[in-house]
Amino acid sequence: MRSIKFGKPMIGKEEIDSVVEVLNGDILVHGPKAKNFEINFGKWTNSPFAISTSSCTASLHLAYFHLGIGKGDEVIVPAQTHVATVHAIEFVGATPIFVDAELETGNIDIDKIEEKITNKTKAISIVHFLGMPVRMDKLMPIVEKHNLKLIEDCAIAIGSYYQGKHVGLFGDLGCFSFYPVKHFTTGEGGMIITNDEDLAHNMQKKKAFGVDRTHKERKIPGIYDVNMLGFNYRMSELHAAIGIEQLKKIDSFLKIREENYRILHEGFSKIDEINLFKANQTNSIQSHYCFTVLLNKKIAKYRFDIVDYLNKNGVGTSNYYPRPVPEFSFYKEKYNLDFRLFPNARRISYDGISLPVGPHLNSQDMRYIITTFKNALNSIN
Ligand SMILES: *Cc1c(COP(=O)(O)O)cnc(C)c1O
């Protein structure tokens, strides 16, 4: 029997050596590794500015804080996403206004955005769901018409392009995650990319206490001023050292993901009892974060039996995401929204099974997943 993990960090000798090198030196924060990682990530995404942070959640919080969004403001956000996308809005005291997903891609249903815009709306937050870019040609006119800020959650969209431009560069900024099972890892870590120079410089300060000068800029050590409120959301040199090495491998990781995804898509297209998201869209390249299968109504009630069969036979699964955010207890208690507002987000959460395509797996693993899934269906029939 195979053992196919849903996600596995691809840490090699290069990453280990690089961390050891940092540990043997005497700069653990504020050093050249974080700076170089920013430069390299900026180059790779073709972004003029990149800001390393301690996580994607920290990046998102920093974004709303920097943009001055807060109490009394509303932010439009997809109901189908990681809770961090929404928590970041709550952190600054603003109100999330949830919009359902479209079933074609799992992305926010753009047709349902404008009806939610009020005079309190300050921003739209989008998530490029499972690496499939949101249709930016359709979204941007709405953002511009209503003069809104746009925050892109690109946590699972490293390598996603729309009309040749990396996601994260359409709005005010884009936030990335280097959590272990994402496209690549730094242990924990995040990155913000932006076209806006002022925003970049300002956020660099706000992620480090609001101190007005970096170590290099200090004429006398330990002497500085603080001219704004700020967090400690820096990325350490240890994390950045891992990131630099991982980034060198991302092109090969993405290639394997694409091929694995292609095999699963081909195999699963022939299974009647399920629906799939679109594999591709015009004008876009997706990053193939994972492969999600939506069980049709007849077999959806057997979802946990199927998951159990897959797991027992060595196929790791996950759920992106386990509930629409308004149905997590915290949000349910706070806002008490009618679940019928989010039928597509519910379908994705409650009828979906996410399967792995990561670079730790090969084409034989993919064929094994397809066969095992078919066997699982037979076992419930
Ligand atoms: C994982 C994830 C996050 C959180 O990223 P961290 O780096 O763990 O803070 C945010 N948004 C989405 C869409 C995610 O999948």
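The following paragraphs examine the structure supplied in this document. Source: prediction; values computed, not measured. (Residues numbered from 1 in each chain as written. Predicted model: local features only at pLDDT ≥ 70, side-chain atom pairs only at ≥ 80, totals over all residues. Heavy atoms only, no water.)

Quick look at the pairing of strand E12 (residues 291-295) now. Counting buried residues along E12, 5 of its 5 residues qualify, which places the element largely inside the surrounding structure. Judged by which residues are buried, E12 turns out to be covered on both faces: Phe291, Val293 and Leu295 on one side and Thr292 and Leu294 on the other are all buried. Summarising the sheet, strand E10 (residues 274-276) and E12 pair through 3 bridges and their orientation is antiparallel. When the sheet's bridge partners are listed, leucine 276 is paired in E12 with valine 293. Looking at chain direction, E12 and strand E13 (residues 352-355) are connected through 4 bridges and run antiparallel. In the sheet register, threonine 292 faces E13, and the bridge partner there is serine 354. (Buried < 20%, exposed > 50% of the residue type's maximum accessible area, 1.4 Å probe, protein only. Helix = DSSP H or I, 4+ residues; strand = E, 2+ residues; numbered from the N terminus. Pairing = 2+ DSSP bridges.)

Spatially, the 3 strands line up as an open sheet ordered E7-E6-E11, and their pairing is antiparallel. Each having just a single partner strand, strand E7 (165-166) and strand E11 (284-285) make up the two edges of the open sheet. Bridge count between strand E6 (residues 161-162) and E11: 2 bridges; the pairing is antiparallel. If you follow tyrosine 162 over to E11, its bridge partner there is serine 284.

With that settled, the discussion passes to the site of the ligand. Neighbouring the ligand are 16 residues; Thr57, Asp153, Ser177, Lys182 and Tyr321 lie closest to it. Between the ligand and the protein, one listed contact pairs an oxygen atom with a side-chain N or O atom of lysine 182 at 2.9 Å. The fraction of the free accessible surface of the ligand (380 Å²) that becomes covered by protein chains is 94%. Elements represented by at least two residues in the shell around the ligand include exactly helix H3 (56-67) and helix H4 (83-91). Within the shell around the ligand, the residues separate by chemical class into 7 nonpolar, 7 polar and 2 charged. (Near = heavy atom within 4 Å. Polar contact = N/O pair within 3.5 Å; in protein donor to acceptor, adjacent residues only side chain to side chain. Areas by Shrake-Rupley, 256 points an atom, 1.4 Å probe, with all protein chains shown as cover. Nonpolar A, V, L, I, M, F, W, Y, C, P; charged D, E, K, R; others polar.)

Nothing here speaks to function; it is all geometry.
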